[in-house]
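An overview of the molecular structure
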Amino acid sequence: MNFQTFDLNLLRIFDAVMTEQNITRAAERLSTTQPAVSNALKRLREAANDDILVRTARGMKPTPRAEELWPTVRAALASLENVLAPEHFDISTAKASLRIAMADSTANLLLPQLMERIRKQAPGIDIRMIPLPGRDPRPMLLNADADLAVGSFPGIVAQLREGQQRDVTLHHLRLYSGEPMCIMRKGHPLADQELTIDRYCEALHLLVSFSGSPSGPADDVLATLGKSRRIALTVNQFSTAFHMVACSDLIAVVPHHLIEASNFADQLEVKVLPFQLPIVYVDMLWHERDMRHPVHKWVRETVTRIPAVSEHD
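A short tour of the structure in this document, coming up. Quantities reported herein were computed from a predicted structural model and do not represent experimental measurements.

**Overview of helix α3 (residues 34-48)**
For α3, spanning 15 residues, the distance from its first C-alpha to its last is 21 Å, which sits close to the expected 21 Å at 1.5 Å a residue. V37, A40, L41, L44 and A48 are the residues of α3 that are buried. In a view along the axis of α3, the buried residues occupy a sector of 105°, so they form one face of it. The outward face of α3, more than 90 degrees from its buried face, is lined by the exposed residues P35, K42 and E46. Looking at the buried residues of α3, the elements they touch are α1 (9-20) and α2 (23-30). Just downstream of α3, N49 is the residue with a positive phi angle, here 55°.

**Re the nonpolar core**
In this structure, I125 and V150 are the most contacted members of the largest nonpolar core, which totals 28 residues. Contributing elements (two or more residues each) for this core: β3 (96-101), α5 (104-121), β4 (125-130), β5 (148-151), β6 (170-178), β12 (280-287) and α11 (294-304). If one sorts the elements of this core by residue count, α5 sits on top with six residues. Once you skip the residues sitting within four places of it in the chain, I125 turns out to touch I91, A94, A96, I118, V295, W298 and V299. Residues L10, A48, M60 and W70 belong to the second largest nonpolar core, which totals 23 residues.

**With respect to the sheet that holds strand β10 (residues 251-255)**
Strand order in the open sheet formed by five strands is β9-β8-β10-β7-β11, with mixed pairing between adjacent strands. Since the sheet does not close on itself, it has two edges, and those belong to β9 (230-235) and β11 (268-271), each with one partner. Along the sheet, successive strands turn relative to each other by an average axial angle of 35°, direction set aside.

**A look at unusual backbone geometry**
A negative phi holds for most residues other than glycine; trans holds for most peptide bonds. One non-glycine residue, N49, adopts positive backbone phi at about 55°. With a phi angle near 65°, I52 is a residue other than glycine that sits in the positive phi range. Mapped onto the elements, I52 comes out in the loop between α3 and β1 (53-56). I52 sits in the buried class, given a relative accessible area of 1%.

**Considerations on the packing of α5 against α11**
In contact at an axis separation of 10 Å, α5 and α11 are set at 130° when each is read in the N-to-C sense. Between α5 and α11, the angle falls in the class oblique. Where α5 crosses over α11, the handedness of that crossing is right-handed. Of α11, the residues touching α5 (which contributes L110, L114, R117, I118 and Q121) are W298, T302 and V303.

**Details of the sheet that holds β12**
An order of β4-β3-β5-β12-β6 is seen for the five strands of this open sheet, with the pairing classed as mixed. Both outer strands of the open sheet, β4 and β6, are each paired with one neighbouring strand and no more. Recorded for the sheet is a direction-independent mean angle of 20° between the axes of neighbouring strands. Judged from the eight bridges that link them, β6 and β12 form a sheet pairing that is antiparallel. Directly across from R174, in β12, lies its bridge partner D283.

Parameters at a glance
- Residues numbered from 1 in each chain as written.
- Predicted model: local features only at pLDDT ≥ 70, side-chain atom pairs only at ≥ 80, totals over all residues.
- Heavy atoms only, no water.
- Helix = DSSP H or I, 4+ residues; strand = E, 2+ residues; numbered from the N terminus.
- Expected span 1.5 Å × (residues − 1).
- Buried < 20%, exposed > 50% of the residue type's maximum accessible area, 1.4 Å probe, protein only.
- Arc of directions from axis to C-beta.
- Contact = heavy atoms within 4.5 Å.
- Core = buried A, V, L, I, M, F, W, Y, C linked by side-chain atoms within 4.5 Å.
- Pairing = 2+ DSSP bridges.
- Axes fitted to C-alpha atoms, helices over the stretch in contact; angles between N-to-C directions.
- Parallel < 35°, antiparallel > 145°, perpendicular 65-115°, else oblique.
- Left-handed = near helix turned anticlockwise from the far one by under 90°.

See the structure below:
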């Protein structure tokens, strides 16, 4: 590659193509046409003597050489953007609409305070809450169907931390964690007793299962102890779980941080489980395309400053 004759405009094309890994979306990002991006990609390939993107069974994927070049190109473009961008961004006059994918329980905890901050500081910002199909937000973020995802994604975050190339365009931030606790209604037969493992197993249980699975982490731990429990009801929403536990003799396991946000806290007895379960972590995920967008940055930073987040961090 001859730097003296290289068209530096191609670096913006390269960054967009790497970010989107899709020529059509790269063109939309750059406010240009698909043929223009295809032509630029051809010139990039000739200049770099590399395919840049190759078609696979899972779609277009960057070559190793492209992956090697991208961090340097992205950092250089970010530096230029910071120098050329306006010195002051006024969030109070910004107008934007952000789509946040999260479950109802997370929304109950975060949305009231987030919307109050938006009302006071950024009244031109609208928030659309959208569901999390399959509890995997990656396709939505990669396809620009969501701008932000908030929830418990332990397997996905582990993959991102390992630096898998297929998720190189996604970023994540740990928001807070919660210890799994046992809840039951006030006046439950177990409410004034020590919750032993035998009493726990003898009770009727409610399971929150987003996938519809008939068992959960507690069942795996109980199996290692030679124990089992009867799950009388399975639901796919924490809001339903809290309501059902508050009005029945069912007991359930829920992350501690969700109890206060449930509106049922004063009707529930909360007990420490008689066995150990993994801590529940809640993370925020977003796409590289939105990394430097001032409105998106403000929303992400605002979420991290919500007391419900910082208190459980």
